[in-house]
2 protein chains.
Amino acid sequence: MIPLPPSFEKLLALLRTLPSVGPKMSERIAFHLLRLPEDQIREFISAVQETYRTVRPCSICGYWDDDSPCRICGDDSRDKSVLCVVEGSQDIQAIGRVRKFNGLFHVLGGILSPLDGVGPQDLEIDSLLRRLENEPIGEVILALNPDMEGETTCQYIAKRIQALSQRIKITRPAQGLPVGGELEYMDELTLTRALEGRRDVS
Amino acid sequence: MIPLPPSFEKLLALLRTLPSVGPKMSERIAFHLLRLPEDQIREFISAVQETYRTVRPCSICGYWDDDSPCRICGDDSRDKSVLCVVEGSQDIQAIGRVRKFNGLFHVLGGILSPLDGVGPQDLEIDSLLRRLENEPIGEVILALNPDMEGETTCQYIAKRIQALSQRIKITRPAQGLPVGGELEYMDELTLTRALEGRRDVS
């Protein structure tokens, strides 16, 4: 091993704490940063500082924005009768790319996971129920990941909503074959869901 | 599309300029940074600033260190008769993990690539030749990537060294099957090289 300068080692260690950044990639990013001209490294640092200072979760829905209520909650052109519940703010970006959806959002801030010690009190479930009491929401779409933990969390939230009101429609995105996927490589559970949810060819 | 706050958009755009960071990953990194406690974000920024301020390429070999000559060139226990030429500082880390190599290094700072406008004058080739004139180097290992551009660069440098001195041995790392690789998945060129370079079973 050839030792690196201590400041560089520390930077690498910090970069490795970023999501999906391993040892190789931390080296590549660090060398990239070191090679940047001084004005660009300053721009980088001030972008991090500026975003960290100004961007906060919306007090209503949890979307990260520089205004609270955020630009989604404050947008009068959106359909305020449909609320889409997601795990994190990133998911709002994904669903926001779907033009057909024009409702509101609610960020849970995680997913129920007893093994990781994440219980209902750690998620924005109480605030969700308060919204359902106070806002004219007719449908809640539970858009959580289609895995075991997403399933459990959906069922838990659905029960809490049903206990609150029988009039609110609770839905989930369809599960089935992803567009462009190859049937022969699909796992059994996906195929099961795709067959269970089969629809008439119109 | 749901618009992001401008400072956040700018941070994402800057993160996407990092090597191997695409749109999805830039979002994940940005959200990760936003969620860090304030002391950790400060630690992050000061690590970047400190490394950027103190770490520089060594004036002799080009290795990035906080001292120049660097800790490799300044290490009297190393074998100063063998010089390993690499494309970038990252490669020194990789070769440094191989215990058998205890010589010196020389960073080219790139690879010949006429299509990208990278010619010999853009690389540390003149400084390499000066080192060969002034230092007691008996062997140069050209440890460039085993691809077309690495090949071309090796041949160019070998010619320049031969023009300077016939006494310097010029070598390259062996090409062949990677350890743990599966023969049936190897490309034709790798197999060709592996067969050409076959060795007696001792």
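Residues numbered from 1 in each chain as written. Chains lettered and ligands numbered in written order. Predicted model: local features only at pLDDT ≥ 70, side-chain atom pairs only at ≥ 80, totals over all residues. Heavy atoms only, no water.

Caption draft 1: How the structure looks around the layout of surface pockets. The space that makes up the largest pocket amounts to roughly 710 Å³. Those elements giving two or more residues to the lining of the largest pocket turn out to be β3 (82-86), α4 (89-96), α6 (148-164) and α7 (188-196) of chain A. Residues that form the lining of the largest pocket fall into these classes: 14 nonpolar, 4 polar and 8 charged. For the second largest pocket, the calculated volume is near 470 Å³. Together, 25 residues line the second largest pocket, and G62, V107, L108, G109 and E124 of chain B are the ones closest to its centre. Mapped by element, the contributors of at least two residues to the lining of the second largest pocket are α4 (89-96), β4 (104-107) and α5 (125-134) of chain B. (1 Å grid on protein atoms, 1.4 Å probe; cavity = no way out; pocket = protein on both sides within 12 Å on 5 of 7 lines; lining within 4 Å. Points joined across faces, edges and corners; volume = space filled by probe spheres on them. Helix = DSSP H or I, 4+ residues; strand = E, 2+ residues; numbered from the N terminus. Nonpolar A, V, L, I, M, F, W, Y, C, P; charged D, E, K, R; others polar.)

Caption draft 2: View of the nonpolar core. Judged by nonpolar contacts, the single largest core of 80 residues is most densely connected at F105 of chain A together with F105 of chain B. Ignoring anything within four residues of it in the chain, the contact list for F105 of chain A reads C61, I72, R78, L83, C84, V86, I92, I95 and R131 of chain A together with I2 of chain B. (Core = buried A, V, L, I, M, F, W, Y, C linked by side-chain atoms within 4.5 Å. Buried < 20%, exposed > 50% of the residue type's maximum accessible area, 1.4 Å probe, protein only. Contact = heavy atoms within 4.5 Å.)

Caption draft 3: Region of interest: the interface of chain A and chain B. Each partner contributes to the interface: chain A provides 56 residues, whereas chain B provides 56 residues. With both chains or domains summed, chain A and chain B bury close to 5600 Å², and 70% of this area falls on carbon and sulfur atoms. Run the count over chain A and chain B and you get 2 salt bridges. Summed over the shared surface of chain A and chain B, the number is 16 residue pairs in polar contact (both at pLDDT 80 or more). Sorting the residues of the side of chain A that touches chain B by element identifies α1 (6-15), α2 (23-35), α3 (38-54), β2 (64-65) and α4 of chain A as the ones contributing at least two each. Of the residues forming the side of chain A that touches chain B, the biggest block, 12 residues, is contributed by α3 of chain A. The residue inventory of the side of chain A that touches chain B, partitioned by class, reads 32 nonpolar, 11 polar and 13 charged. (Buried area = accessible area lost by both parts, 1.4 Å probe. Salt bridge = Lys/Arg side-chain N within 4 Å of Asp/Glu carboxyl O. Polar contact = N/O pair within 3.5 Å; in protein donor to acceptor, adjacent residues only side chain to side chain.)

Caption draft 4: Expanded view of empty space enclosed by the protein. Tallied over the full model, the rule gives 1 cavity of 30 Å³ or more. For the largest cavity, the lining is made up of 15 residues, of which F44 and V48 of chain A together with L33, F44 and V48 of chain B are closest to its centre. Elements supplying a minimum of two residues to the lining of the largest cavity: α2 and α3 of chain A together with α2 (23-35) and α3 (38-54) of chain B. The dominant element in the lining of the largest cavity, judged by the number of residues it contributes, is α3 of chain B, at 4 residues. Here the lining of the largest cavity is composed, by residue class, of 15 nonpolar, no polar and no charged.

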